[in-house]
Amino acid sequence: MQALTDNALMLQVKSGQLDKLGLLYERYKKQLFGFFYHMNSNAALSEDLVQNVFVRIMKYRHTFTGDGSFAAWLFRMARNVSYDHFRKHGSLNKRADLDEINYKLSDSESFESEGDKQDQIKQLQWALNKLSPEKKEIIILSKYRELKFKEIGEILNCSEGAAKVKAHRAIQDLRKMFLQQKK
Amino acid sequence: MDIEKFEEWSMDYLSGNMDIETRKLFDRFLKDHPEYQDKLKEFDNTWGVLNELEAPETSLAMDDAFYEMLSDTIKKEQVNTAKSGWFENLISQFMALIKPQMAYGMLLLLAGVGLGYFFNSTDSNTTTVAEINTNVENSADEASLVREKLVLTLLEQPSAKKRLEGVNEANKLKNVEEKVIQALLKTLNNDANVNVRLAAIASLTQFVEHPQVREGLVKSITQQESPIVQITLANLMEILQEKKSVEPFKELLKTQKLDTTVKQKIEHSIKAII
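Residues numbered from 1 in each chain as written. Chains lettered and ligands numbered in written order. Predicted model: local features only at pLDDT ≥ 70, side-chain atom pairs only at ≥ 80, totals over all residues. Heavy atoms only, no water.

Participant: Hey, could you run me through the overall build of chain B in this one?
Facilitator: In terms of helices and strands, chain B carries 13 helices and zero strands. In chain B, which comprises 274 residues, the proportion classed as buried is 35%. Accessible surface, chain B as shown: approximately 17,100 Å² in total, 56% of it carbon and sulfur. (Helix = DSSP H or I, 4+ residues; strand = E, 2+ residues; numbered from the N terminus. Buried < 20%, exposed > 50% of the residue type's maximum accessible area, 1.4 Å probe, protein only. Areas by Shrake-Rupley, 256 points an atom, 1.4 Å probe, with all protein chains shown as cover.)

Participant: How do you make sense of the nonpolar core when you look at a structure like this?
Facilitator: Taken as a class, soluble globular proteins show a tendency for nonpolar side chains to be buried jointly. Counting 71 residues, the largest nonpolar core has Leu21(A), Leu32(A), Phe36(A), Phe54(A), Ile57(A), Phe70(A) and Phe75(A) as the members making the most contacts within it. By size, the runner-up hydrophobic cluster in this structure holds 37 residues, among which are Leu155(B), Leu184(B), Ala200(B) and Val218(B). (Core = buried A, V, L, I, M, F, W, Y, C linked by side-chain atoms within 4.5 Å.)

Participant: Explain the packing of aromatic side chains to me, please; I cannot follow it from the model alone.
Facilitator: For any pair of aromatic rings, the description rests on two quantities: the centre-to-centre distance and the angle between the ring planes. Taken as a whole and judged by the stated rule, the model has 18 aromatic pairs over all chains. Consider the rings of Tyr25(A) and Phe66(B), whose centres lie 3.8 Å apart with planes at 0°: the pair is stacked. Taken together, the residues span two chains, with Tyr25(A) in helix α2 (residues 21-40) and Phe66(B) in helix α4 (residues 60-83). An aromatic cluster of three or more residues is present, and its members are Phe6(B), Trp9(B), Tyr13(B), Phe26(B), Phe29(B) and Tyr36(B). (Phe/Tyr/Trp six-rings, centres within 6.5 Å; stacked < 30°, edge-to-face > 60°.)

Participant: Is there a simple way to explain helix α7 (residues 160-171) of chain B in this structure?
Facilitator: Each full turn of the α-helix corresponds to 3.6 residues, which orients residues three or four apart in the same direction. Residue and element names in this part refer to chain B. Between its first and last C-alpha, α7 extends 17 Å over twelve residues, near the 16 Å set by a 1.5 Å rise per residue. Listed in full, the buried residues belonging to α7 are Lys162, Arg163, Glu165, Gly166, Val167, Glu169 and Ala170. Here α7 starts with a cap whose side-chain oxygen sits 3.3 Å from the backbone nitrogen of Lys161, and that cap is Ser159. (Expected span 1.5 Å × (residues − 1). Polar contact = N/O pair within 3.5 Å; in protein donor to acceptor, adjacent residues only side chain to side chain.)

Participant: Quick question: what am I supposed to make of the interface of chain A and chain B here?
Facilitator: Across the boundary between the two partners, chain A contributes 47 residues, which contact 44 residues of chain B. Approximately 4,400 Å² of surface area, both sides summed, lies buried where chain A meets chain B, with 68% of it carried by carbon and sulfur atoms. Put simply, chain A and chain B have nine salt bridges between them. A salt bridge links Asp12(B) to Lys164(A); the shortest N-O distance between them is 2.9 Å. The tally of links between chain A and chain B comes to 13 residue pairs in polar contact (both at pLDDT 80 or more). (Contact = heavy atoms within 4.5 Å. Buried area = accessible area lost by both parts, 1.4 Å probe. Salt bridge = Lys/Arg side-chain N within 4 Å of Asp/Glu carboxyl O.)

Participant: For this particular structure, what's the right way to read the pattern of salt bridges?
Facilitator: Oppositely charged side chains can pair when the atoms bearing their charge come close. All names here are of chain A. All chains considered together, the criterion is met by 32 salt bridges over all chains. A salt bridge links Lys164 to Glu160, with the nearest nitrogen and oxygen atoms 3.6 Å apart. Of this pair, Lys164 and Glu160 both sit in helix α9 (residues 160-182), four residues apart, roughly one helical turn. Residue class for Glu160 comes out partly exposed when judged on its relative accessible area of 38%.

Participant: Is there a simple way to explain the side chain of Asn40(A) in this structure?
Facilitator: Relative to the helices and strands, Asn40(A) resides in helix α2. Given the relative accessible area of 5%, Asn40(A) is considered buried.

Participant: Help me out: how do you make sense of the packing of helix α7 (residues 133-144) of chain A against helix α8 (residues 149-156) of chain A in this one?
Facilitator: Two numbers describe a pair of packed helices, the interaxial angle and the distance between the axes. All names here are of chain A. Remark: α7 packs on α8, axes separated minimally by 10 Å, with the N-to-C direction vectors making an angle of 145°. In this structure, α7 crosses over α8, and the sense of that crossing is right-handed. In this structure, α7 contributes Glu137, Ile138, Leu141 and Ser142 to the contact, and α8 contributes Phe149, Ile152, Ile155 and Leu156. Of the residues assigned to the contact of α7 with α8, the class counts are six nonpolar, one polar and one charged. (Axes fitted to C-alpha atoms, helices over the stretch in contact; angles between N-to-C directions. Left-handed = near helix turned anticlockwise from the far one by under 90°. Nonpolar A, V, L, I, M, F, W, Y, C, P; charged D, E, K, R; others polar.)

Participant: Whenever I open this one, the environment of Leu131(A) confuses me. Can you help?
Facilitator: Here Leu131(A) is to be found in the loop between α6 (117-130) and α7. The sequence separation of Leu131(A) and Met177(A) amounts to 46 residues, and the corresponding C-alpha distance is 8.0 Å.

Participant: Is there a simple way to explain unusual backbone geometry in this structure?
Facilitator: The general pattern is negative phi for most residues beyond glycine and trans for most peptide bonds. Positioned with a positive phi, Ser41(A) is a non-glycine residue whose angle comes to about 55°. Assignment of secondary structure puts Ser41(A) in the loop between α2 and α3 (43-59).

Participant: Just checking my understanding: could you explain the environment of Leu32(A) for this structure?
Facilitator: All names here are of chain A. Looking at where Leu32 falls in the secondary structure, it is placed in helix α2. Once the C-alpha coordinates of Leu32 and Leu74 are considered, the two residues, 42 residues apart in sequence, prove to be 8.8 Å apart. In contact with Leu32, not counting residues within four places along its chain, are Val50, Val53, Phe54, Leu74, Phe75 and Ala78.

Participant: I keep staring at the confidence of the model for chain B and nothing clicks. Help me out?
Facilitator: Low pLDDT marks regions whose predicted coordinates should not be analysed in detail. Residue and element names in this part refer to chain B. Summary statistics for chain B give a mean pLDDT of 81 and a share of 80% for residues scoring 70 or more. The model gives residues 122-127 a pLDDT under 50, and that stretch makes two contacts with residues more than four places away or in other chains. This prediction of the complex comes with two scores: 0.61 for pTM and 0.80 for ipTM. (pLDDT = per-residue confidence, 0-100.)

Participant: Looking at this structure, I do not really get the side chain of Ser10(B). What am I missing?
Facilitator: As for its placement among the helices and strands, Ser10(B) is situated in helix α1 (residues 3-14). Those residues in contact with Ser10(B) that sit more than four places away from it in its chain are His168(A), Phe26(B), Leu40(B) and Phe43(B).

Participant: I keep staring at α8(A) and nothing clicks. Help me out?
Facilitator: Residue and element names in this part refer to chain A. The buried count for α8 comes to six of eight residues, which makes it a mostly enclosed element. Every buried residue belonging to α8 is among Phe149, Glu151, Ile152, Gly153, Ile155 and Leu156, and all of these are buried. Asn157, located one to two residues past α8, shows a positive phi value of around 60°.

Participant: Please clarify how the packing of helix α1 (residues 6-14) of chain A against α2(A) should be interpreted in this entry.
Facilitator: Residues and elements named next belong to chain A. Between α1 and α2, whose axes approach to 9 Å, the crossing angle comes to 140°. With respect to α2, the element α1 is oriented oblique. In this structure, α1 crosses over α2, and the sense of that crossing is left-handed. Mapping the contact onto sequence places Asp6, Leu9, Met10 and Val13 in α1 and Leu21, Leu23, Leu24, Arg27 and Tyr28 in α2. In terms of residue class, the contact of α1 with α2 is made up of seven nonpolar, no polar and two charged. (Parallel < 35°, antiparallel > 145°, perpendicular 65-115°, else oblique.)

Have a look at this one:
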């Protein structure tokens, strides 16, 4: 049983069974890719960043203690990879600025109504890109990556309750941004 | 209730992580405070629309890059381990000296763990043998899937050394999938390196109970030009007593350029099979 958990697999990787990283890669590649993709809207870059995360896991495998959840450890590393990349190559919100120039909305009734789905998705992506990286990140982690708030707290280095409050406020800001953009 | 509590509960509610007791309290609170009902509704709408955002599928190139990195790292580690062998010998000699004491200590530890488990186990947390077996099977399937991907990635690499590693990885598979068989047969028929082709035959030999493998090996006979590969296939067909191989071998015998030793070997094999 124990051999099946993420933590146990990562401890096996740490002890030298490097092939076990393949199992963790298969379990998490989509989640990680989705995390990066929603952060930067660039599929090729997101794939590179997924690769960077696993290279870093390999390099720093000795630091995994197994005390917290593997998912939290992984996504903490993913955040660092993402920040390092954008520190070297420019702002995480550059894409949002570009979107602002190019983006033309077609008419739709309201946020709650059944409007054109594609327009709504574009609007939402635009609004998401306008948020600060921290707010965007917590929305992505809580909504798309299906992480528990306890794990999100571990990733962001705050309590579970604080993670929920942050997520709630980020979504409120997203809504404001979304509605503001529609005016 | 303060606003932070409402925010926390809203997140639990929307993410489906609210327990029954808290849900009752939350419902009562919303009933008494209609303004918060509106807030929750707005919030629920935004949360719902977020479902529409999707990420594209990942590419096969991403898997290839990962498995190549994994294979390289494993290789480097093996080299490092081999280099540090003398140190490990020293440690093992030292361990041999303290082995009796350690064995006694381990025995005590195991007895302690066993007793602890016995006294603490309850019906509620006892996992059935069937559940464990299912999980172990799932884990084995997952590991097999990963190895398959590793094999397929390595077989496509430009370096012959990497492709050989791929064939060696295929040898570790207990159950082989059709796409792995296809990849090995493709290697046997098209690989530029004779050693890789020979390794592919050796690997396929493990899976000869699959009709697809036997058929693929038979079809491959007329496609081979290397004498050593031709002789290896002749030996294999002789062992397998594969009657379907006789015709392709006869076809091969008609080839002008056929090596004399190979010709003799094939003629001998045909007789042995018939």
